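# Results of the structural survey
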Amino acid sequence: MRRTVLAYTVALMALPFNTEAQECCQAWDRPYLCTLEGSVSRPGQRGKPLQPGEEVQVPAGETAELRFRGSDQTGQPFPEDRLTVEVDLDDRCGDRVRIDRPRPDRLHVTAGTERGECRAVVWVPGNLNLEWPVRFEVVGVARKGYTRNQAEFIARRVYLALLAREPDPGGFSGAVAQIQKGKLDSFVEGAARSPEFVEVRGGASPATLLEEFYKGALGRAPDTAGVRRYLPEMTKRRHAAVLLALLRSEEFDAILLREAGR
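Each chain carries its own residue numbering, running from 1 in the written order of its sequence. In keeping with the predicted nature of the model, local features appear solely for residues at pLDDT of at least 70, side-chain atom pairs appear and are counted solely at 80 or more, and the whole-chain, interface and lining totals rest on all residues. Excluding hydrogens and water, the side-chain figures rest on all heavy atoms present in the structure.

This paragraph deals with the packing of aromatic side chains. In this scheme Phe, Tyr and Trp rings, the latter by its six-membered ring, pair at centre separations within 6.5 Å, and the angle between planes marks the pair as stacked below 30 degrees, edge-to-face above 60, and tilted otherwise. A full pass over the atoms with the stated rule returns four aromatic pairs. On the basis of an interplanar angle of 70° and a centroid distance of 5.6 Å, the ring pair of F68 and W132 is categorised as edge-to-face. Here F68 is found in strand β6 (residues 63-71), whereas its partner W132 is found in strand β11 (residues 127-139), with 64 residues between them in sequence. Like W132, F68 is buried. Ring geometry for Y159 against F187: centres 6.2 Å apart, planes inclined by 35°, an arrangement best described as tilted. With Y159 in helix α1 (residues 148-163) and F187 in helix α3 (residues 184-192), this residue pair connects regions lying 28 residues apart in the sequence. Comment: elements are numbered from the N terminus, with helices defined as DSSP H or I runs of at least four residues and strands as E runs of at least two. Think of it in three bands: residues with accessible area under 20% of the maximum for their type are buried, residues over 50% are exposed, and the middle band is partly exposed, with areas taken using a 1.4 Å probe on protein chains only.

A word on the side chain of D105. By secondary structure assignment, the location of D105 is in the loop between β8 (97-100) and β9 (106-111). The contact criterion used throughout is that any non-hydrogen atoms of two residues lie within 4.5 Å. Other than its neighbours up to four places away in sequence, D105 contacts L66, R67, F68, E80, L83 and V85.

Residues V97 and I99 of β8 are buried on one face, while the alternating residues R98 and D100, pointing to the opposite face, are not. Remark: five residues form the turn of the hairpin made by β8 and β9, two consecutive strands paired antiparallel. Whether two strands pair comes down to DSSP finding at least two bridges between them.

In this section: the pattern of salt bridges. We count a salt bridge whenever a side-chain nitrogen from Lys or Arg sits within 4 Å of a carboxyl oxygen from Asp or Glu. Within this structure, the stated rule accounts for 21 salt bridges. The partner of R165 in a salt bridge is E196, and the shortest N-O contact between them spans 2.6 Å. Here R165 is found in the loop between α1 and α2 (169-180), whereas its partner E196 is found in helix α4 (residues 195-201), with 31 residues between them in sequence. Judged by relative accessible area, E196 falls into the partly exposed class, the value being 26%. The partner of R258 in a salt bridge is E259, and the shortest N-O contact between them spans 3.5 Å. By relative accessible area, which is 48% here, E259 ends up partly exposed. Salt bridges linked by common partners bring R67, E80, R103, D105 and R106 together as one network.

Now for the environment of G226. Looking at the secondary structure, you find G226 in helix α6 (residues 224-235). Remark: the alpha-carbon pair of G226 and L210, spanning 16 residues in sequence, is separated by 9.1 Å. Residues within four places of G226 in sequence aside, it is in contact with L210, Y214 and L231.

By the element assignment, V58 lies in strand β5 (residues 58-59). Between the C-alpha atom of V58 and that of V138, which follows or precedes it by 80 residues, the distance is 5.4 Å.

What follows is about α3. Within α3, the full set of buried residues consists of L184, F187, V188, A191 and A192. For α3, the arc enclosing every buried residue in end-on projection is 125°, short of the 170-degree limit, so these residues lie on one face. Against α1, α2, α4 and α7 (239-247) lie the buried residues of α3. Each direction from the helix axis to a C-beta atom contributes to the arc, which is the arc of those directions.

Now for the side chain of R96. Tracing the sequence through the fold places R96 in the loop between β7 (86-89) and β8. For R96, a relative accessible area of 14% puts it in the buried group. At 2.8 Å, the side chain of R96 and the backbone oxygen of R92 are in polar contact. What qualifies as a polar contact is a pair of N or O atoms within 3.5 Å, subject to a donor-acceptor requirement within protein and to the restriction that residues adjacent in sequence count only when both atoms come from side chains. At 3.0 Å, the side chain of R96 forms a polar contact with the backbone oxygen of R115.

The next point concerns unusual backbone geometry. Despite not being glycine, A164 has its phi angle at roughly 60°, a positive value. Mapped onto the secondary structure, A164 falls in the loop between α1 and α2. Not every positive phi belongs to a glycine, and R237 is a case in point at roughly 65°.

Here it is, written out as structure tokens:
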């Protein structure tokens, strides 16, 4: 593992850990860090205790704050201006997470769009017996729910992919409301069963229709892997399932965050 200060997306590992420093002696005159406590918060939310073994997920593009507090050998709060945390990351973290440190006792963890988990260890310089193993996890944007701008962007992409047009005002407002309520599946399935879809796309071959889905959702033609994966589903007329898979892909998350913000 590398000694770097980097990012997170968290789920604490069920591995041996030590959040208490060894050999704390109450007779020492100067405060000595003996225990460590953590909390986690996301923008607009209150912090909650972060316990070893607890899983905390961070959606792509989101930032979570890890904050640490300590106690000295007498059980009193350790001075905040003397508490510094570092973090070691394994190679799997890569571009999945980025960590900034606004204060020595805090880590800001920003998730990228590459999903998955990696391992890390939070540690305290000068007190190498005190470690806190962590597993970081990045999940899709949909896990946190879509913002208004994101829902509008998605609605337009669905209209283009399924109906080959921009949304009308009435349909657009209803679609955005559904998406923000967590009903993206219902919106896509309804549009894929609509008379307009049959009229506009009914004569297209599965391969042509897959191309239109890729163009509408991702702005490009399908690659070989996409054809191999989704063309059998299109042949079975599982149109909504294919489009939903594209809309929940890492690639679409990256487009969404870039074009519609976080």
